[in-house]
There are 2 protein chains.
Amino acid sequence: MALSASKKPQKADAPITKDTIANALSHAIHQHWIAPGTKLGEDELSDIYGVSRTIVRAALQTLAHQQIVEIRRNRGAFIAKPSLTEAHEVFEARELLEPRTARSAARLATPQDIDLLEGHIAQEHDALKAGNHGRALFLSGQFHLEVARIAQQQTIADMIKVLIARSSLIIALYWRRESALCESQAHHALIKAIADQDGDHAEDLMKSHLVDLHSALNLREQPAVQHDLRDLLLKPSG
Amino acid sequence: MALSASKKPQKADAPITKDTIANALSHAIHQHWIAPGTKLGEDELSDIYGVSRTIVRAALQTLAHQQIVEIRRNRGAFIAKPSLTEAHEVFEARELLEPRTARSAARLATPQDIDLLEGHIAQEHDALKAGNHGRALFLSGQFHLEVARIAQQQTIADMIKVLIARSSLIIALYWRRESALCESQAHHALIKAIADQDGDHAEDLMKSHLVDLHSALNLREQPAVQHDLRDLLLKPSG
DNA sequence: CAATGCAATCTTGTATACAATATAGCGCAC
DNA sequence: GTGCGCTATATTGTATACAAGATTGCATTG
């Protein structure tokens, strides 16, 4: 498995629990350290984390419930590979939920919240400059999570958290745009709308931001059209 | 624990897995056979289902991820007791998601789908007539799940499934209206809008239906006011 | 060379044993 | 009667052993 030793967990004071393992794996997945489809063997993770298979299995189940790992009975656990349909569904769900959180965030954000959001963008910019695309991707997702946190609706924030994790897999599989994932201009504009307590504008910006992200996946559907054309070309001689 | 012997699982050909146990418990919770706050002991469930604690723990973890069971470390698993805040959040999330599924269902429903939805109402009516409120409650929730299934957006349907399960707990704790949970008139009107392929109307009806349900919880906030008043009355003599 | 069959090995599923923590009950002091 | 301390017991957390299923590698056949 592609987990390198440099990614081995620190043996700190905190005990290794199913949650620490699940979080570590989730973090690694989010940063694209582990590719979709990768097998996660129980014994291997057990060795890596220094716990029994019992804890590992519980961690894998947690990740499976978040749909970022797929457990196939008798065959093992694998990083999920969302289908194109799932990809569309995930972004569609985000387009439904996140504009609302942006609106609420515009109503509820404190100056500290604004600072924190801006800090996120700065860190993301630093990561990109350093060529650390994985970290930039992670921070980009965290930005969205922070907006959801500011909105003070935990139930919806929890849903968004799962959707963002799944988005990371989707991006690994289907993203083909050259530019950075989330253009910082979009995030900046969003922060301004939130700071200005302009709920309408924040909602519109978040919606169009996500539609934009979604459209970057739509690009992947073009090869299907080319495929049909190819079938057409093969038919006359078939 | 309040699980009665009459609710003991059938020892059928299907093996008892974590999923069958989780589903059985979820079903029992949904029908209010088990009250919020009830302790679910591992050994007890292990006895009841005839499997080891390993399987039981996996089932409980599944239910914990659905937030209908709360696992407290070193203390055990309990049927969740959503706070009033959580109650509001859950219905707010439903108000955001389900109108969209209703709109999509109006676009996608087949005549068979309409028949099935109508069948749900009939069964619910039968259950109420027979005084089987638990079953009526379950079917009422299933109606909403069916609308979500018809909408063909699995990601959102999965979210709605969890929200409906949690709604069942919320209703057990906070519901005080004398009438049946979902008035069949609301469901009938919704079916008609869906059958008529009237997405706008279906969306509006679902929204107002959920707002209505949500408002039945709001009623529970009134005692808080009375509680404050009582404190005021006690203060002068305190 | 490719396909098939078989045995060995690996991995996952499950039960059980042991460790750690919490709870209940009893006796004693005030 | 109440509160505290202690012990026994119950329950949960975790590791380990065993069973079941899958995969791999090798030998044989066509």
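Please read these numbers as outputs of a predicted model, since none were measured by experiment.

## What to know about the sheet that holds strand β1 (residues 39–40) of chain A
Residues and elements named next belong to chain A. Here 3 strands make up an open sheet; going across it, the order is β1-β3-β2 and the pairing antiparallel. A single partner strand is all that each edge strand has here, and the edge strands are β1 and β2 (69–72). In this sheet, strand β3 (residues 76–79) lies alongside β2 in antiparallel orientation, the contact comprising 4 bridges. Along β3, the bridge assignment pairs I71 with A77. Those strands touched by helix α3 (residues 53–65) are β1, β2 and β3, and its axis lies near 115° from that of β2.

## A word on the sheet that holds strand β1 (residues 39–40) of chain B
The sheet built from 3 strands is open, its strands ordered β1-β3-β2 (chain B) with antiparallel pairing. The open sheet has two edge strands with one neighbour each: β1 and β2 (69–72) of chain B.

## Regarding the protein's contact with DNA strand C
Taken together, 16 residues are adjacent to DNA strand C, and R53, R57 and R73 of chain A together with S52 and T54 of chain B come closest. In DNA strand C, atoms within 4 Å of the protein come from the sugar-phosphate backbone in 71% of cases. Taking R57 of chain A, its side chain carries an N or O atom lying 2.9 Å from a phosphate oxygen of DNA strand C. Note that a phosphate oxygen of DNA strand C is positioned 2.9 Å from one of the side-chain N or O atoms of R73 of chain A. Broken down by secondary-structure element, the contributors of at least two residues to the surface near DNA strand C are α3 of chain A together with α3 (53–65) of chain B. Considering each element in turn, the surface near DNA strand C owes the most residues, 3 residues, to α3 of chain B. Broken down by class, the residue content of the surface near DNA strand C amounts to 2 nonpolar, 6 polar and 8 charged.

## Describing the relation of the copies chain B and chain A
The relation between the two copies of this chain is a rotation about an axis and a shift parallel to it. With an axial shift of 0.0 Å and an RMSD of 0.0 Å, the rotation relating chain B to chain A amounts to 180°. Classification of the inter-copy transformation places it as that of a two-fold axis. A shared interface surface links the copies, since 100% of the contact residues of chain B are contact residues in chain A too.

## Here's the deal with the interface of chain B and chain A
Listed by partner, the interface residues are 23 residues for chain B and 23 residues for chain A. For the pair chain B and chain A, the summed buried area comes to about 2000 Å², and 53% of that belongs to carbon and sulfur atoms. It is Q61, E89 and L96 of chain B in chain B that bury the most area against chain A; as a group they hold 29% of the surface buried on that side. For the pair chain B and chain A, the number of links is 0 salt bridges.

## A word on the protein's contact with DNA strand D
With respect to spatial proximity, 16 residues lie near DNA strand D, and among them S52 and T54 of chain A together with R53, R57 and R73 of chain B are the closest. When atoms of DNA strand D within 4 Å of the protein are sorted by moiety, sugar and phosphate together comprise 71%. Broken down by secondary-structure element, the contributors of at least two residues to the surface near DNA strand D are α3 of chain A together with α3 of chain B. Per-element accounting of the surface near DNA strand D gives the leading share, 3 residues, to α3 of chain A. Here the surface near DNA strand D is built from residues that sort into 2 nonpolar, 6 polar and 8 charged.

The rules we used
- Residues numbered from 1 in each chain as written.
- Chains lettered and ligands numbered in written order.
- Predicted model: local features only at pLDDT ≥ 70, side-chain atom pairs only at ≥ 80, totals over all residues.
- Heavy atoms only, no water.
- Pairing = 2+ DSSP bridges.
- Helix = DSSP H or I, 4+ residues; strand = E, 2+ residues; numbered from the N terminus.
- Contact = heavy atoms within 4.5 Å.
- Axes fitted to C-alpha atoms, helices over the stretch in contact; angles between N-to-C directions.
- Near = heavy atom within 4 Å.
- Polar contact = N/O pair within 3.5 Å; in protein donor to acceptor, adjacent residues only side chain to side chain.
- Nonpolar A, V, L, I, M, F, W, Y, C, P; charged D, E, K, R; others polar.
- Least-squares fit on C-alpha atoms with pLDDT ≥ 70 in both.
- Buried area = accessible area lost by both parts, 1.4 Å probe.
- Salt bridge = Lys/Arg side-chain N within 4 Å of Asp/Glu carboxyl O.

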